[in-house]
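The lines below spell out each chain.
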Amino acid sequence: SSSSGDEALRDKRAWILSRGLPKQKPIEGVKQVVVVASGKGGVGKSTTAVNIALALAANDSAKEVGLLDADIYGPSIPKMMNLKGNPELTPKNLMRPLKNYGIACMSMGFLIEETAPVVWRGLMVMSAVEKLLRQVDWGQLDYLVIDMPPGTGDVQLSVSQNIPIAGAVIVSTPQDVALLDAHKGAEMFRKVHVPVLGLVQNMSVFQCPKCKHETHIFGDDGVRDLAKTLGLDILGDIPLHVNIRETCDSGQPVVISQPQSDAAKAYLEIAMEIVRRLPVAPA
């Protein structure tokens, strides 16, 4: 019958697809991986990833945290974490992460000149991602935060299919154009069976430093509306504040340099929400 033929065809397709997927293998020494992603660039994803990593460590000093910059074309973690230099190699020929503020960091930015463009095709990018995932000696980490490149392309799929991910955090501004891509990002993770922990509404409101009047420059609560559509939670709101930008540009992220500020407290609360939603870590 035609229905049994259709079923057989679906089974064959599923089998072919399953053969093409790499088997997930944990990163040695890493208990849980959290990816920070966005559908669109320019929404403050890397700033959020950096401050979340620092907040995870600040909330629990007993936890070891790492930060992996998976944005091959536009690595920004070295500048934001105030790190320069080339990683040393271990006797096993693994790269040692560079460390600042207690966070172990790895980025393509450590392996190329700061102003050198990465003019690579997809296969070379995938090879670089594989090296950053597999050829780094992370030691023992409770959390590895991965700053993903924007979009839903090869890097996102490769990371999602190669390593077990405890959860994804989607960052977006409330702007309609950004929300469209954030929606796609959340759906992509669901398709590759990565749990989405929730959304972060970034640049949610601007408060005038003189008169204290608040303006929703990128729109009002758009991410909250998207969260309802997707059946997800909002992990927190980050205001549009010059201190957040200035501190990251100077390599002193706000969670470290201004821990009592409202912005730092927002990141600390988001980190707590992330931990609450993570599955129980392996011993």
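Before any of the text, the structure's been laid out above.
Now for a look at the structure at hand. (Residues numbered from 1 in each chain as written. Predicted model: local features only at pLDDT ≥ 70, side-chain atom pairs only at ≥ 80, totals over all residues. Heavy atoms only, no water.)

Below, the discussion takes up the pairing of strand β2 (residues 65-69). For β2, a buried count of five out of five residues is recorded, marking the element as mostly surrounded by other parts of the structure. In the sheet, β2 pairs with strand β4 (residues 103-107) via five bridges, with the strands oriented parallel. Among the inter-strand pairings, Leu67 is bridged to a residue of β4, identified as Cys105. Across five bridges, the pairing between β2 and strand β5 (residues 141-147) is parallel. Each residue of the ladder has a partner; that of Leu67, found in β5, is Val145. (Buried < 20%, exposed > 50% of the residue type's maximum accessible area, 1.4 Å probe, protein only. Helix = DSSP H or I, 4+ residues; strand = E, 2+ residues; numbered from the N terminus. Pairing = 2+ DSSP bridges.)

Within β5, seven of the seven residues are buried, which leaves the element mostly enclosed by the surrounding structure. Pairing of strand β1 (residues 30-37) with β5 involves six bridges; the strand directions are parallel. Across the sheet, the residue bridging to Val33 is Leu144, located in β5.

What follows concerns the environment of Asp137. In this structure, Asp137 sits in the loop between α4 (122-134) and β5. Residue classification places Asp137 among the partly exposed positions, given a relative accessible area of 32%. Sequence separation between Asp137 and Leu89 is 48 residues; the distance between their C-alpha atoms is 8.8 Å. A distance of 3.2 Å separates the side chain of Asp137 from the backbone nitrogen of Gly139, its partner in a polar contact. (Polar contact = N/O pair within 3.5 Å; in protein donor to acceptor, adjacent residues only side chain to side chain.)

For helix α8 (residues 242-249), the set of buried residues is Ile244, Thr247 and Cys248. Viewed end-on, α8 has its buried residues packed into an arc of 95 degrees, placing them on one side of the element. Buried residues along α8 sit in contact with α2 (45-59), α3 (77-80), β10 (234-238), α9 (254-257) and α10 (262-277). Backbone geometry just after α8 places Gly251 at a positive phi near 75 degrees. (Arc of directions from axis to C-beta. Contact = heavy atoms within 4.5 Å.)

What follows covers the environment of Val275. Mapped onto the elements of the fold, Val275 is located in helix α10. Overall, the relative accessible area of 35% leaves Val275 in the partly exposed class. Along the primary structure Val275 and Leu56 are separated by 219 residues, whereas in three dimensions their C-alpha atoms are 8.2 Å apart.

Time to look at the sheet that holds β2. On the basis of which strands lie adjacent, the open sheet formed by eight strands has the order β3-β4-β2-β5-β1-β6-β7-β10 and mixed pairing. The open sheet has two edge strands with one neighbour each: β3 (98-100) and β10. Neighbour-to-neighbour, the strand axes of this sheet turn through a mean angle of 25 degrees, independent of strand direction. (Axes fitted to C-alpha atoms, helices over the stretch in contact; angles between N-to-C directions.)

Below, the discussion takes up the pattern of salt bridges. Overall, the coordinates contain eight salt bridges when judged by the stated rule. With a closest N to O distance of 2.8 Å, Lys45 and Asp147 form a salt bridge. Highlighted residues: Lys45 in helix α2 and Asp147 in strand β5, separated in sequence by 102 residues. Overall, Lys45 belongs to the buried group, its relative accessible area being 7%. Among the charged side chains, a network of salt bridges with common partners joins Asp233, Glu269, Glu273, Arg276 and Arg277. (Salt bridge = Lys/Arg side-chain N within 4 Å of Asp/Glu carboxyl O.)

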